[in-house]
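So the chains spell out like this:
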Amino acid sequence: MRELDRPIWHALTTRQREFAQGSELALRFDPGVSPFAACRDNRPASLAALAGMVPEAGMLVLLQADDAPVPPGCEPALVARGVQMLLERFRPVKLEHAALDLGAADTGDMVELAGLTTPGPFLPGTPRFGGFVGIRVDGRLAAMAGERLRLGGWTEVSAVCAHPDFRGQGMAAQLSSLVVERILARGERPFLHAFADNDQAIRLYEQLGFAKRRDVNVLALARAGHRAEALALPHVH
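All of the points below concern the structure found in this document.

### Examining the pairing of strand E11 (residues 210-223)
Moving on, step 1. As paired elements, strand E4 (residues 60-64) and E11 share 5 bridges and run antiparallel to each other. Bridge pairing in E11 links Leu-62 to Leu-219.
Moving on, step 2. Of the pairings in the sheet, the one linking strand E5 (residues 74-87) to E11 comprises 13 bridges and is antiparallel in character. Bridging from a neighbouring strand, Pro-76 pairs with Leu-221 of E11.

Structure follows, in structure tokens:
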């Protein structure tokens, strides 16, 4: 289970290596798919390799249990605490709305919904992670959920969000439950992350049967002197 302490690194070196860019010291996802990145460890050479991948305009986002130091030549655009949760005893939620598999044709609506609700970094290429499902109401994408990091026997539930016009109808819980069911059907174990102060999301996940494993560090890195430009981008949150 130690691989979950640095999940981005282990995803990029195993089941999601097709998205990996970098070296044996530091890796990042394809920039069109996700800003997530990780280094092998916190040694100076690894941190220098990580710094070398930070884009001129934009950022890299780290998510790990151990300390996440800011490499030389970089500055933090976001420093936050998160929680990592594992499914312990699944309590499924009945699907009361028609759920649809989301694909390339839905990308624009998915990016728009993510931009409105900020469930985490979401780019036009993020749907390439696969496993996304949604609920449409009168043609509008009202809610969605999907998968993100994959490592070992673990698959992450992610991008759980509902449009403000449709909140309070249980859509996020229903779609999260569906994603969990599909992960379990493949013989894999679901996990997820949430910001530590997102009490509403944490309660939802606890109701589904997730429990906190540990705290994690969230660090968004920008080039030194470019923090303001990075924060202006739509995928910061």
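After presenting the structure, the write-up continues.
### Regarding the pattern of salt bridges
Moving on, step 1. Under the criterion given, the structure shown has 19 salt bridges.
Moving on, step 2. The partner of Arg-136 in a salt bridge is Asp-109, and the shortest N-O contact between them spans 2.8 Å. Of this pair, Arg-136 sits in strand E7 (residues 133-137) while Asp-109 sits in helix H3 (residues 107-117), and the two are 27 residues apart along the sequence.
Moving on, step 3. Residue class for Arg-136 comes out partly exposed when judged on its relative accessible area of 24%.

### Regarding the sheet that holds strand E1 (residues 20-22)
Backbone hydrogen bonds are what pair the strands of a sheet, in a parallel or an antiparallel way.
Moving on, step 1. Strand order in this open sheet of 3 strands is E1-E2-E3, and the pairing throughout is antiparallel. Sheet topology places E1 and strand E3 (37-39) at the edges, where each strand pairs with a single neighbour. Strand-to-strand, the axes of this sheet are offset by a mean angle of 25°, without reference to chain direction.
Moving on, step 2. Where E1 meets strand E2 (residues 26-29), 3 bridges bridge the pair, whose relative direction is antiparallel. When the bridges of E2 are listed, Ala-20 appears paired with Phe-29.

### Regarding the packing of helix H4 (residues 171-185) against helix H5 (residues 199-208)
Moving on, step 1. Packing of H4 against H5 brings their axes to within 10 Å, and their N-to-C directions diverge by 45°. By the criterion of interaxial angle, the relationship of H4 to H5 is oblique. Considering how the two elements wind past one another, H4 and H5 form a crossing that is right-handed. Contacts between H4 and H5 pair Ala-172, Ala-173, Ser-176 and Ser-177 from the former with Leu-204, Tyr-205 and Leu-208 from the latter.
Moving on, step 2. In terms of residue class, the contact of H4 with H5 is made up of 5 nonpolar, 2 polar and no charged.

### Looking at the pairing of E4
Moving on, step 1. Burial analysis of E4 places 5 of its 5 residues in the buried class, the great majority of the element.
Moving on, step 2. Here E4 shows two buried faces, one formed by Leu-60, Leu-62 and Gln-64 and the other by Val-61 and Leu-63.

### Notes on H3
Moving on, step 1. If you check which residues of H3 are buried, you get Thr-107, Met-110, Leu-113, Ala-114 and Thr-117. One side of H3 holds all its buried residues, which, seen down the axis, span an arc of 130°.
Moving on, step 2. Packing partners of the buried residues in H3 comprise strand E8 (140-151) and strand E9 (154-162).
Moving on, step 3. With its phi angle positive at about 45°, Thr-118 sits one or two positions after the end of H3.

### Re the nonpolar core
Moving on, step 1. With 36 residues, the main nonpolar core has Ile-8, Phe-29 and Met-144 as its most contacted residues.
Moving on, step 2. For this core, the secondary-structure elements that each account for two or more residues are helix H1 (7-12), E2, E4, E5, H3, E8, E9 and E11.
Moving on, step 3. With sequence-adjacent residues up to four places away left out, Ile-8 is seen in contact with Phe-29, Phe-36, Ala-37, Ala-38, Val-61, Leu-62, Leu-63 and Leu-149.
Moving on, step 4. Residues Val-133, Val-160, Ala-173 and Leu-178 belong to the second largest nonpolar core, which totals 28 residues.

How each quantity is defined
Residues numbered from 1 in each chain as written. Predicted model: local features only at pLDDT ≥ 70, side-chain atom pairs only at ≥ 80, totals over all residues. Heavy atoms only, no water. Pairing = 2+ DSSP bridges. Helix = DSSP H or I, 4+ residues; strand = E, 2+ residues; numbered from the N terminus. Salt bridge = Lys/Arg side-chain N within 4 Å of Asp/Glu carboxyl O. Buried < 20%, exposed > 50% of the residue type's maximum accessible area, 1.4 Å probe, protein only. Axes fitted to C-alpha atoms, helices over the stretch in contact; angles between N-to-C directions. Parallel < 35°, antiparallel > 145°, perpendicular 65-115°, else oblique. Left-handed = near helix turned anticlockwise from the far one by under 90°. Contact = heavy atoms within 4.5 Å. Nonpolar A, V, L, I, M, F, W, Y, C, P; charged D, E, K, R; others polar. Arc of directions from axis to C-beta. Core = buried A, V, L, I, M, F, W, Y, C linked by side-chain atoms within 4.5 Å.

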